[in-house]
Amino acid sequence: MNIILFGPPGAGKGTQAKFLVTKLKGYQISTGDMLRDEIQKNSDIGKKIIDDMNEGKFVSDVIVNNLIKNVIFDNQKKGKLIFDGYPRSLSQAENLDLLLKNSNQKIDFIFFLNVNKDTIIKRIEKRKIIEKRLDDELDTILKRYDTYMETTKPVLEFYSKKPNFYEIDGALEIDQITNKIGAFLRV
Ligand code: AMP
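Residues numbered from 1 in each chain as written. Predicted model: local features only at pLDDT ≥ 70, side-chain atom pairs only at ≥ 80, totals over all residues. Heavy atoms only, no water.

Engineer: How should the packing of aromatic side chains be read in this particular structure?
Structural biologist: Two descriptors summarise a pair of aromatic rings, namely the distance from one centre to the other and the angle between the planes of the rings. Inspection of the entire model under this criterion finds 12 aromatic pairs. Here Tyr 145 and Tyr 148 contribute two aromatic rings whose centre-to-centre distance is 6.5 Å and whose plane-to-plane angle is 35°, an arrangement assigned as tilted. Of the two residues, Tyr 145 and Tyr 148 are both situated in helix H7 (residues 138–160); the distance of 3 residues between them amounts to about one turn of the helix. In this pair, the class of Tyr 145 matches that of Tyr 148, namely buried. (Phe/Tyr/Trp six-rings, centres within 6.5 Å; stacked < 30°, edge-to-face > 60°. Helix = DSSP H or I, 4+ residues; strand = E, 2+ residues; numbered from the N terminus. Buried < 20%, exposed > 50% of the residue type's maximum accessible area, 1.4 Å probe, protein only.)

Structure below.
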């Protein structure tokens, strides 16, 4: 089963992805983690993206799409992909469709975790203390939210027309969201 978790930063995509990884023996595909890894390794990609990421801007589609390609064609992961934070732009969504088609796969469920700005701010302020991410400072959070609203809106329109799109109130407690997702998946 391939699943997309979709929603603004702080919506709980990473938390729910971890639940699905355990439940479905799947693989969490977090482009945020993949990009942070590149920065940690100080790779050529890492050097290119560090400023954008720390400022809460989106990394270019070309870089992100390239990172995703290998994952989709990885035989071990096929049919067990839990996307967390990808796709985030229309070009990424179209790229994903194409890669899935070329690898004989499809998306089975799209879950949109819908959360308002105030809840996001509160959650990320808490996460900042635990994870110490540089892009979790308040002005960066606001920037990330605005970027999400601008760039991701067309993606929402793209997916919301699909029959396997489900909107979930992301302001619910973690367990409640997990249960809702579980009920849709029948797991
Ligand atoms: P996340 O861990 O998903 O909150 O992502 C952290 C940051 O990584 C974002 O604010 C972007 O700078 C970058 N990023 C992660 N995923 C993507 C993506 N699909 N497209 C562009 N930038 C991304």
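Alright, that's what it looks like, and here's the rest.
Engineer: I tried to follow the site of the ligand on my own but got confused; where do I start?
Structural biologist: Close contacts around the ligand come from 16 residues, with Thr 31, Lys 57, Arg 88, Gln 92 and Arg 144 the closest. Here a nitrogen atom of the ligand sits 2.8 Å away from a polar atom, N or O, in the side chain of Thr 31. In the environment of the ligand, a nitrogen atom lies 2.9 Å from a nitrogen or oxygen atom belonging to the side chain of Arg 88. About the coverage of the ligand: the protein hides 96% of its 480 Å² of free accessible area. (Near = heavy atom within 4 Å. Polar contact = N/O pair within 3.5 Å; in protein donor to acceptor, adjacent residues only side chain to side chain. Areas by Shrake-Rupley, 256 points an atom, 1.4 Å probe, with all protein chains shown as cover.)

Engineer: Help me out: how do you make sense of helix H4 (residues 61–72) in this one?
Structural biologist: Because the α-helix completes a turn every 3.6 residues, residues three or four places apart line up on one side. Its 12 residues give H4 an end-to-end C-alpha distance of 16 Å, which sits within 8% of 16 Å, the value for a rise of 1.5 Å per residue. Looking at H4, one finds that the buried residues are Ile 63, Val 64, Asn 65, Leu 67, Ile 68, Val 71 and Ile 72. Those residues of H4 hidden inside the fold are in contact with strand S2 (27–30), helix H2 (31–41), helix H3 (44–54), strand S3 (81–84) and helix H5 (90–102). (Expected span 1.5 Å × (residues − 1). Contact = heavy atoms within 4.5 Å.)

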